[in-house]
Amino acid sequence: MTITKIETEEQFNKLVEEDMFLLFKHSLTCPVSAEAFDHYQKYVAEHPQVKTAYLAVQEARPLSNHIAETYEIKHQSPQAILFKNGKPAWNDSHWRITYDSLDKVISK
């Protein structure tokens, strides 16, 4: 699966309807986010069956805020959120987003 960049609530709402969906919130200016994004990209490249998308916080602030408010998940970036059946099942941020952490939570 290719990694899709989303910017609107409509795009997000379509994805969250999936049984499972991984969202990555990426800061374009943060070196920690760049490192976490590398882990995310590597994981997704090696697990093409995982439905996923990312948003660039600086380009999609309204969407990022909508997700934080709707699901009561404090905004952070970088941040990974795993949705199952339309609800957040897991989220983590910063240095805790690694290939291994993604693999552990998604393969449960």
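This text goes with the structure placed above it.
Residues numbered from 1 in each chain as written. Predicted model: local features only at pLDDT ≥ 70, side-chain atom pairs only at ≥ 80, totals over all residues. Heavy atoms only, no water.

### A short note on unusual backbone geometry
Backbone geometry follows two general trends: most residues other than glycine have a negative phi, and most peptide bonds adopt the trans configuration. Spelled out, the test is: Numbering of helices and strands runs from the N terminus, with a helix taken as a DSSP run of H or I at least four residues long and a strand as a DSSP run of E at least two residues long.
A cis amide bond links S77 with the next residue in sequence, P78, at an omega value of 5°. Tracing the backbone through its elements, the reader meets P78 in the loop between α3 (61-71) and β4 (79-84). Located in the positive-phi region is E72, a residue other than glycine, with phi close to 50°. Here E72 lies in the loop between α3 and β4. For H94, which is not glycine, the phi dihedral falls at a positive 50°. Locating H94 in the fold gives a position in the loop between β5 (87-93) and α4 (99-106).

### Here we look at the sheet that holds strand β2 (residues 20-26)
Worth spelling out the cut-off: Only strands joined by at least two bridges in the DSSP assignment are considered to pair. Between two residues, a contact is recorded if the distance between any of their heavy atoms is within 4.5 Å. In this analysis an axis means a line fitted to C-alpha atoms, helices contributing only their contacting stretch, and an angle means the value between N-to-C directions, from 0 to 180 degrees.
With mixed pairing, five strands are arranged side by side in an open sheet as β1-β3-β2-β4-β5. Each end of this open sheet is capped by a strand with a single partner; those strands are β1 (4-5) and β5. Direction of pairing for β1 relative to strand β3 (residues 52-56): parallel, over a ladder of two bridges. Considered in β3, the bridge of K5 is made with Y54. Contacting β1, β2, β3 and β4, helix α1 (residues 9-16) crosses the sheet at an angle of about 145° to β2.

### Concerning the packing of α1 against α3
Here is the rule: Small angles under 35 degrees read as roughly parallel and large ones over 145 as roughly antiparallel, with 65 to 115 read as roughly perpendicular and the rest as oblique. Here a crossing is called left-handed whenever its near helix is offset anticlockwise from the far helix by less than a right angle, and right-handed whenever the offset is clockwise. Three classes are used: nonpolar for Ala, Val, Leu, Ile, Met, Phe, Trp, Tyr, Cys and Pro, charged for Asp, Glu, Lys and Arg, and polar for all others, with Gly counted as polar.
It is at 10 Å that the axes of α1 and α3 come closest, and there the two elements cross at 45°. As summarised for this structure, α1 and α3 are arranged oblique, according to the angle between their axes. For the pair α1 and α3, the sense of crossing is right-handed. Contacts between α1 and α3 involve E9, F12, N13 and V16 from the first element and L63, H66, I67 and Y71 from the second. Of the residues contributing to the contact of α1 with α3, the split by class is five nonpolar, two polar and one charged.

### Quick look at the side chain of S64
Applicable threshold: Buried, partly exposed and exposed residues are distinguished by accessible area as a fraction of the type maximum, computed with a 1.4 Å probe on protein chains only: under 20%, between the cut-offs, and over 50%, respectively. We call two N or O atoms a polar contact when they sit within 3.5 Å, provided that within protein one can donate a hydrogen and the other can accept it, with sequence-adjacent residues counted only if both atoms are side-chain atoms.
Structurally, S64 can be placed in helix α3. Looking at S64, the relative accessible area reads 0%, which means it is buried. Within the local environment of S64, its side chain forms a polar contact with the side chain of K25, the two groups lying 3.1 Å apart. Separated by 3.1 Å, the side chains of S64 and H75 make a polar contact. Every residue in contact with S64, bar those within four places of it in the chain, is listed here: K25, L55, V57 and H75.

### Regarding α3
Those residues of α3 lying buried are L63, S64, H66, I67 and A68. Summarising the contacts, the buried residues of α3 are in contact with α1, β2, β3 and β4. Once α3 finishes, E72 follows within two positions and takes phi at roughly 50°, a positive value.

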